[in-house]
Amino acid sequence: MGRDNPGVVIIGAGMTGILLAIKLQEAGITDITVLEKKESIGGTWRENTYPGVACDVPSHAYTYSFAPNPDWSSHFPAGAEIHQYFKDIIERFDVAKFIRYNEPVTACAYDDATRRWTVTTERGDYEADLLFSATGILHQPKIPGFPGRDTFTGHCFHTARWDHSVALAGKRIGIIGTGSTACQVIPELVAMPGTDVTVFQRTPQWTAYMEDRPFADWEKARFARQPWRMQLIRWLSSFVYSRGTAALAGDGVFDRLTHRLMAWNARKLLRDAVTDPALREKLTPDYQFGCKRVVITSRFYDAIQQPNAHLVTEGIERFEPSGIRTQDGTLHELDIVVLATGFDPTAFMRPMAFRGSGGLSIEQAWEKKITAYRSMFLPGFPNFFLMLGPNSPIGNQSVIEISETQTRFALQLVDEWRAGRLDRIECTPAAVARWAAMIREKVQHTVWASGCDSWYLDADGDALTWPFTWNKWVAMMAAPDFSDFVARDAGD
Ligand SMILES: Cc1cc2nc3c(=O)[nH]c(=O)nc-3n(C[C@H](O)[C@H](O)[C@H](O)COP(=O)(O)OP(=O)(O)OC[C@H]3O[C@@H](n4cnc5c(N)ncnc54)[C@H](O)[C@@H]3O)c2cc1C
């Protein structure tokens, strides 16, 4: 105990929580507790087991930088393989010993007198000097309140709560949504024997084509012999995605040209893939390319043109016992409804009673606006690190890269604090206000504010995503500006 070997609690044992445990242990900290609400690690890759679940960034980029994996089966491996990667990692890096399962955190409270956090789970209390929330950004399913949903007599479940006891073959299946997840599920459902699949689309999506390909055994052996090949794929992938983000967020001539090229390519993809003009019209977005998250798929357009697939663009009026009635009065009779309706990206570490210094609740702190300095820090919440907080999602970039930049940033602050050069790790109110103003000003000039309804913006039109380029993120997260943090002895 003490600053040299502080007590650390990490909430959540997904990709980010595991990363933190590894890096904190490497920094010489041994008093680490990872509290995971479920019975196993893996977060996203444990929860999402729907047919077709897979990575949509190349596997060698969706890998910890310090733990390359020559054995990835393909460029876009299935969710179960990614889950296994993380299971192997916790053994290989000896962090399994820190994880406590079936411990849902229900409350966290900072005590100004002891300068420690009390973290409460259903089983008891834990004390911590440093608290990390790694509860994920796409974790709490968003389920719109469709009238009459409870009256439906068939099966109805969210993609993140897939009911594997329900047989799909031969069934009339409705799927609500056409985002990234839906575009992974739909081809699988359409390909199952005897299914009839009705897709309820609220908004069409722009897509980008990336075909998967299994790696041959000789390629895997070569990755193991020549790790630089994995690094190259990683670098290329990061470069391509960062160019994509620059095209959406940047305002240079080259950025605008790249955006036009990407938009032209997406239109061409749709034109070439979908032969029926009426269907193509329905699938054509009326907003700019990139305003919503671009769906990476090589199979959706083909699937939606199969005889057993139907695209419905009429709005949903209500659920009825035998199916879904749309606003044109049609009743679509269904056995199963799949909700591919996404997640609440602002739920962060909730539901949880979260209180900082002086009893300040997270609801009070975020009463006016959900924001966090450098996406991680909140005034009034000392020694607390919000991983993947507001403004951290960056285009289609690998989220592992984002968590790694945040972890490095956090560790620099932890080092300063351990050395006694920071009184506590807490940003100043001025720093977070400046940050929020910077985000607000910039988002107006990006494609995200060009007039579509997306989870990248909040209700006021402020960005939840990062409205700048990837390079700017890397630069911002390279090193803390200590003047933005509460100085030694200040305010005590
Ligand atoms: C369907 C889907 C596909 C995706 N595909 C990609 C992709 O291809 N590429 C990409 O870069 N990203 C992708 N993502 C984003 C993905 O969420 C991140 O890549 C990554 O998994 C985030 O890891 P995490 O640990 O931060 O959060 P999560 O994986 O969500 O893990 C959070 C953990 O915290 C635990 N937890 C939450 N609340 C509590 C609590 N109160 N108490 C205790 N434990 C708690 C959860 O049980 C969970 O284990 C995808 C997301 C989804 C939903």
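Quick caveat: nothing in here was measured; it's all calculated off a predicted structure.

Engineer: Is there a simple way to explain the overall build of the protein in this structure?
Structural biologist: When helices and strands are counted, the protein shows 13 helices and 19 strands. Taking 2.2 N^0.38 as the reference for a compact globule, 492 residues should give roughly 23 Å; the C-alpha atoms of the protein span a radius of gyration of 23 Å, in line with that estimate. With respect to the three principal axes, the spread of C-alpha positions in the protein is 70 × 50 × 45 Å. Counting over 492 residues, the protein shows a buried share of 45%. Within the protein, residue pairs in contact and separated by at least 24 positions form 73% of the contacts whose partners lie at least 6 positions apart.

Engineer: How do you make sense of unusual backbone geometry when you look at a structure like this?
Structural biologist: Most peptide bonds adopt trans geometry, and most residues besides glycine take a negative phi value. Even without glycine at this site, R374 takes up a positive phi of about 50°. Among the structural elements, R374 can be located in the loop between α10 (362–365) and β19 (384–386). Notably, N391 is not glycine yet its phi reads approximately 75°, a positive angle. As for its position among the elements, N391 is in the loop between β19 and α11 (399–418). C-beta crowding within 10 Å serves as the criterion here: with 26 such atoms nearby, N391 is assigned to the buried category.

Engineer: How should I be thinking about the nonpolar core in this particular structure?
Structural biologist: A general tendency of soluble globular proteins is for nonpolar side chains to be buried together. With 95 residues, the main nonpolar core has V9, I10, I18, A21, V119, L131 and F132 as its most contacted residues. Built from parts of two domains, this core gets at least three residues from each of domain 1 (8–140 + 344–484) and domain 2 (149–215 + 218–339). Counting residues in each nonpolar core, the second largest holds 33 residues, with L189, F200, A303 and V338 among its members.

Engineer: Help me out: how do you make sense of the site of the ligand in this one?
Structural biologist: In the neighbourhood of the ligand, 30 residues make up the surrounding shell, with G12, G14, G43, G136 and V399 lying closest. Among the elements that line the shell around the ligand, the one with the most residues is helix α1 (residues 15–26), at three residues. The residue inventory of the shell around the ligand, partitioned by class, reads 14 nonpolar, 12 polar and four charged.

Cut-offs and rules
Residues numbered from 1 in each chain as written. Predicted model: local features only at pLDDT ≥ 70, side-chain atom pairs only at ≥ 80, totals over all residues. Helix = DSSP H or I, 4+ residues; strand = E, 2+ residues; numbered from the N terminus. Rg over C-alpha atoms; globule rule 2.2 N^0.38 Å. Buried ≥ 20, exposed ≤ 12 C-beta atoms within 10 Å, placed from the backbone. Contact = placed C-beta atoms within 7 Å. Core = buried A, V, L, I, M, F, W, Y, C linked by C-beta atoms within 7 Å. Domains from an automatic or database assignment. Near = placed C-beta within 6 Å. Nonpolar A, V, L, I, M, F, W, Y, C, P; charged D, E, K, R; others polar.

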